[in-house]
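What the coordinates show
Take a look at the letters that make up each chain.
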Amino acid sequence: MLSIQRFTLLIFVVVSVIFYALFTYYFFKQEEEMAAVIMKTLRNNIAETAYTVAKNTKNKESVITSRAALDRIAASNHFIKAILVLDDKDILLNTDPHCGMDALSLGDDEEKIPAKQLLKSKSLEQEIRFYEGKNAVKLTLVYVLEHEEIDAHFINNQIEFALYFGFIPIFIFLLVLWFIHFFVSIPLEKLRQFAYYHSKVPSAFKLKELEVIRYSMVDTFTRLESEKEELYLMARTDSLSGLANRNSLYEFVERLIAVSARNEDEFAFLFLDIDHFKSVNDSLGHNVGDELLKNIASIIKKTLRPNDFIARVGGDEFVLIIPEYKSYFELSNIIERIQAHLARPWVVQTHPIHINSSVGVAFYPKDATDYVSLMKHADIAMYEAKKLGRAQYHFFTEALNKSVQDTITLNKNMRQALHNGEYQLYYQPKVDILSGTIVGVEALLRWISPKKGIISPDVFIPLAEDNGFIVELGEWIVEEALSQCLEWKAKNIDINISINISIKQLQETNFAMNFIAKLEEKNVDPSQIDIEITEYILVDQHNESLNSLNLLHDKGISISLDDFGTGYSSLSYLKRFPIDYLKIDRSFMDDYDSEDGAIFIETIVKMGQTLHLKIIAEGVEKQTQLEYLKNIGCDQYQGYYYSKPLSVSDFEIFYKAMNLSSVS
Ligand code: C2E
Ligand code: MG
Ligand code: MG
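Residues numbered from 1 in each chain as written. Chains lettered and ligands numbered in written order. Predicted model: local features only at pLDDT ≥ 70, side-chain atom pairs only at ≥ 80, totals over all residues. Heavy atoms only, no water.

**With respect to the site of ligand 1**
Taken together, 23 residues sit near ligand 1, with Arg-446, Asp-562, Arg-586, Glu-621 and Tyr-640 positioned nearest. Here Gln-428 contributes a side-chain N or O atom positioned 2.9 Å from a nitrogen atom of ligand 1. In this structure, an oxygen atom belonging to ligand 1 sits 2.9 Å away from a side-chain N or O atom of Arg-446. Considered on its own, ligand 1 offers 790 Å² of accessible surface; in the complex 87% of this is hidden by protein. Placement of ligand 1 is best described as lying within the largest pocket. No other element matches the four residues that strand β13 (residues 438-449) contributes to the shell around ligand 1. The residue inventory of the shell around ligand 1, partitioned by class, reads eight nonpolar, six polar and nine charged. (Near = heavy atom within 4 Å. Polar contact = N/O pair within 3.5 Å; in protein donor to acceptor, adjacent residues only side chain to side chain. Areas by Shrake-Rupley, 256 points an atom, 1.4 Å probe, with all protein chains shown as cover. 1 Å grid on protein atoms, 1.4 Å probe; cavity = no way out; pocket = protein on both sides within 12 Å on 5 of 7 lines; lining within 4 Å. Sits in = over half its atoms within 2 Å of the grid points. Helix = DSSP H or I, 4+ residues; strand = E, 2+ residues; numbered from the N terminus. Nonpolar A, V, L, I, M, F, W, Y, C, P; charged D, E, K, R; others polar.)

Put into C-alpha cells, the structure is as follows:
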C-alpha cells in the first residue's frame, strides 16, 4: 500500500517528467529558431555587404576602399570576428590582422540544422562580383564568426534552462515533501495513535479537513468514554441511594478476600437492616421511604472511614465492610456510632420519623472465607440481633459475641470503679539477695469489685491501655503511691517504691513535668521512687518517651526495665535509655534448672554487670531458685517465695515482722 508521501512523490515525479520533456522540447525548438534567425540575419548581412563592396569596387586593388565600411560592420556585430575579402586564396582585405586562412571553413557549409551550422561553422562566405572593364571578376567575402560569443549565448541559455527546470523543481519537490510530512503525515499519525491507543488528544491541526476529522474523533471518543463510564456506574451503583450495589460489593469483597488471604488479614462483614422500615413505607408512602433511604445512605457513608465500603443490597438492607480495626472493642464502637447516628429523630418531607437498625457481623476468615458464606453468616447474626429485641448488633460467633459484650461491660465498669474508689495498690517486697533485707516494694494495682472480688490487672490494664483510660488511672496510681511513700516515711518504713508506668502514659506531653510537680508537692525524695517500664517503650518511635525518662532520671528517679527478655531489647536501646535495673521476666525463672534456661538467665546477669545495671529476678517461688540466683550474682529478687503482693496494712505488719526477725 502506498503512503501519502510516496503517492505524492510518484505524482510529482510523473508530472515533473512530463513537464520536463515538454519544456526540453520547446527549449531546443526555441534554440533552433534563434539560431535560424541569427544565421538568416548574418546571411542577409553578408549578401548586402557583398553587394555594397561590389558596387564600390572598380578593380581588385580598389577593394581596399571598402575597408572602413567592413571594419564598421565587423565591430557592430558581436557574432563577426573579422571580415575578409579573398581573391581565390589570397587575402585582399582583412579587418582583423590576427585572423589567417586557418580561421576559415570554406565550403564547410552543408549542415542542415541552423543551430548546429551556427555552432560548428567557422565562417560564412559570399561571392563579390563586379566588372573590371568587360571582365567579370569574382572575389569572396568571408565573415569569420566569433565563436566565443555564439557559444556563450547558447550555453548561457542552457545553464538557465538547467537552473529553472533542474534545480528549482528539486527544491520545490523537497519543499512539498516537507509540507506534506509536517501538515499531513504527522497529523495523520497522531490521529492513528489517538484512535488506537487512546493516547493524549492531539492539538488542533492546520489543515481544515484534518482538523475536522480530529475534532469529530475527539468528540466521539469522549462521548464513548463517558457512556462507558455511565454504563459501568449504572452496573455497579444503586440508583436510589447512589451507593455501590450487589455487583460492586461482590467485586470488592472478592478482591479484599484475595488481598487478605495473602496478607493473612481479617475484615468485618456487617449486615445492617433498618428495623420496621416497612411501616414507614406503608404509613407514609414510598416516596418518603425512598427519601429516608437516601438520608440513611448518606449518614452511614459519612460515619464510615475512607477505607470502609458500603453497599445497598436490598430495600432497607446495607452491607458494610470494615477492613481495619484495632480490636473488636473498637469495631463495636464503630457500629454503635453508626447505630446512634441512625437513631436520631429524622424529619422527612415534614414527617418526623424515628428508626433503629440491627446489625449482624461476620468475620473473614474466622466465620467464612467466601462472599456467599460471609453474607449468609452476617445475615444470620443480624436476625439474631432482631430476635434479641432489635436496635442492637450481634456477632456470628457466640463466644466472640460474649467476649465483646464482656469487654464493653468491663470498659464501662472499669471507669466507674475509679469514681467508686474500688482500686487499691498492693505492694510486693523487693529483696536484696545477699543481705536478705527488703530494699523496696513494687506497687501493683488491684481492682476490688464489690460484685466480683479482686480483679487482676492482667484483665483490665491491657483494655485500659487500648482505650486510653490508663492515663487517668495512671494518674491515680502515681498519686496514691507517692502518698503511700510519705505515709510510710512518717511510720519509719523508709523504702523505695516502684511504680509501673505504661507506654501511653509516657507518651503524654508533660508526663514527666507533672510527675516531678507531684513529687515536689508532696515533698517525696526522688531517690525513693523507681519507675518500671516495659521493653516495648524502647522501640517506640516517639522521642517524647525518651525525653520524659531522661527528665525523670535526671531528677534522681531510678528506671527499671520490666519483663526483660520478652520483648525486642537490643544493646543499642539499652545504652540509649537511662536504665538502672533489669527485671528478668518471671517466665524465665521456671526454666532456671534447664540448660537453656540457665544460659539465658546467666547471660542477662552478665550483660547487666557489663552495662553496670542491677539485676532483679521476678517470680521467685522456691528456695532453690533463690540459691541459684545467689550463685550467679543476681542483685535482688521478688516473688511468692518471699511474699505475695500485700495490701498496705498487711505489708506494714509483714515489714515489721521481717525487721524484728532480722534484728533478733
Ligand atoms: P509486672 O509489673 O511484671 O508485675 C509482676 C507480676 O508478677 C504481678 O502480677 C505479680 O503479682 C506477679 N508475681 C510476683 N511474684 C510472683 C511469683 O512468684 N509468681 C507468680 N506467678 N507471679 C508473681 P500482677 O499484680 O497481676 O500484675 C500483672 C501486670 O499488670 C504487671 O506485671 C504490670 O505489667 C501490670 N500492672 C500491675 N499494676 C500496674 C500499675 O499500677 N500500672 C500499670 N501500668 N501496670 C500495672
Ligand atoms: Mg512491674
Ligand atoms: Mg514484670
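**A look at the coordination of the magnesium ion (ligand 3)**
Distances from the magnesium ion (ligand 3) to its protein donors, namely Asp-562 (OD), Asp-563 (OD), Glu-618 (OE) and Glu-618 (OE), fall within the range 2.1 to 2.4 Å. Mapped onto the sequence, the residues coordinating the magnesium ion (ligand 3) show the spacing D-D-x54-E. The magnesium ion (ligand 2) is placed at 4.1 Å from the magnesium ion (ligand 3), the two being bridged by Asp-562. With Asp-563 in strand β17 (residues 558-564) and Glu-618 in the loop between β19 (614-617) and α20 (623-632), the pair connects residues that are 55 residues apart, well separated along the chain. Of the residues examined, Asp-563 reaches a relative accessible area of 25% and is grouped as partly exposed. (Donors = N, O, S within 2.8 Å, 3.2 Å for Na, K, Ca; no water. Buried < 20%, exposed > 50% of the residue type's maximum accessible area, 1.4 Å probe, protein only.)

**Here we look at the sheet that holds strand β5 (residues 267-274)**
Strands sit in the order β6-β7-β5-β10-β11 across an open sheet of five strands; the sheet is mixed. Strands with a single pairing partner mark the edges of an open sheet, and in this sheet they are β6 (309-312) and β11 (393-395). The average undirected angle you get between the axes of adjacent strands in this sheet is 20°. When β5 meets strand β7 (residues 317-322), the two strands line up antiparallel, connected through six bridges. Looking at the pairing, Leu-270 lines up with Leu-320 of β7. Those strands touched by helix α8 (residues 286-303) are β5, β6 and β7, and its axis lies near 10° from that of β7. Sheet strands touched by helix α10 (residues 371-387): β5, β7, β10 (357-364) and β11. Its angle to β10, the strand with the most contacts, is close to 145°. (Pairing = 2+ DSSP bridges. Axes fitted to C-alpha atoms, helices over the stretch in contact; angles between N-to-C directions. Contact = heavy atoms within 4.5 Å.)

**Here we look at the layout of surface pockets**
Estimated volume of the largest pocket: approximately 1,300 Å³. Taken together, 43 residues line the largest pocket, and the ones lying closest to its centre are Leu-444, Pro-457, Asp-458, Asn-500 and Asp-562. The element best represented in the lining of the largest pocket is helix α12 (residues 457-467), accounting for six residues. For the lining of the largest pocket, the residue count by class is 18 nonpolar, ten polar and 15 charged. Taken as a whole, the second largest pocket holds about 310 Å³ of empty space. Lining the second largest pocket we find 15 residues, and of these Asn-413, Trp-447, Ser-449, Lys-451 and Lys-452 sit closest to its centre. Among the secondary structure elements, those contributing two or more residues to the lining of the second largest pocket are α11 (398-420) and β13. Top contributing element to the lining of the second largest pocket by residue count: α11, with seven residues. Partitioning the lining of the second largest pocket into residue classes produces six nonpolar, five polar and four charged. (Points joined across faces, edges and corners; volume = space filled by probe spheres on them.)

**Looking at the coordination of the magnesium ion (ligand 2)**
The protein atoms donating to the magnesium ion (ligand 2) are Glu-442 (OE), Asn-500 (OD1), Glu-532 (OE) and Asp-562 (OD), with metal-donor distances spanning 2.0 to 2.3 Å. Donor residues for the magnesium ion (ligand 2), ordered by position in the chain, follow E-x57-N-x31-E-x29-D. Residue class for Glu-442 comes out buried when judged on its relative accessible area of 3%. Judged by its relative accessible area of 26%, Asn-500 is partly exposed.

**Description of the sheet that holds strand β4 (residues 135-145)**
Sheet architecture is open: four strands sit in the order β2-β1-β4-β3, paired in antiparallel fashion. For this open sheet the edge positions go to β2 (90-94) and β3 (123-132), each flanked by a neighbour on one side alone. Averaged over all pairs of adjacent strands, the angle between strand axes in this sheet comes to 30°, irrespective of strand direction. Across four bridges, the pairing between strand β1 (residues 80-87) and β2 is antiparallel. Residue pairing across strands places Leu-86 opposite Ile-91, the latter belonging to β2. The strands touched by helix α1 (residues 4-56) are β1, β3 and β4; relative to β3, the strand with the most contacts, the crossing angle is about 20°. On top of the sheet, helix α2 (residues 67-76) reaches β1, β2 and β4; it is set at about 150° to β1, its chief contact.

**Digging into the packing of α11 against helix α13 (residues 469-490)**
Closest axis-to-axis distance for the α11/α13 pair is 11 Å, and the angle between their directions is 25°. Here α11 is positioned roughly parallel relative to α13, judged by the angle of their axes. Handedness of the crossing formed by α11 with α13: left-handed. Mapping the contact onto sequence places Met-414, Arg-415 and Leu-418 in α11 and Phe-469, Glu-472, Leu-473 and Trp-476 in α13. Taken together, the residues of the contact of α11 with α13 sort by class into five nonpolar, no polar and two charged. (Parallel < 35°, antiparallel > 145°, perpendicular 65-115°, else oblique. Left-handed = near helix turned anticlockwise from the far one by under 90°.)

**Some remarks on the side chain of Ser-248**
If you trace the backbone, Ser-248 turns up in helix α6 (residues 246-263). With a relative accessible area of 12%, Ser-248 lands in the buried category. Sequence-distant contacts of Ser-248, that is, excluding residues within four places in its chain, are made with Arg-236 and Phe-309.

**So, the packing of aromatic side chains**
Going through the model one piece at a time under the given rule, you end up with 30 aromatic pairs. Ring centres 5.2 Å apart and planes at 80° place the aromatic pair Phe-182 and Phe-183 in the edge-to-face group. For Phe-182, a relative accessible area of 42% puts it in the partly exposed group. Measuring from ring centre to ring centre gives 4.0 Å for Phe-252 and Phe-309, while their planes differ by 10°; the resulting arrangement is stacked. With Phe-252 in helix α6 and Phe-309 in strand β6, the pair connects residues that are 57 residues apart, well separated along the chain. Here Phe-252 matches Phe-309 in class, with each residue buried. The structure contains a cluster of three or more aromatic residues connected by ring pairs, namely Tyr-325, Tyr-328, Phe-363, Tyr-393 and Phe-395. Just above the ring of Phe-363 sits the side chain of Lys-366; from NZ or CZ to the centre is 5.0 Å. Of note, Lys-644 hangs over the ring of Tyr-640, and the distance from its end group to the ring centre comes to 4.7 Å. (Phe/Tyr/Trp six-rings, centres within 6.5 Å; stacked < 30°, edge-to-face > 60°. Lys NZ or Arg CZ within 6 Å of the ring centre and 35° of its normal.)

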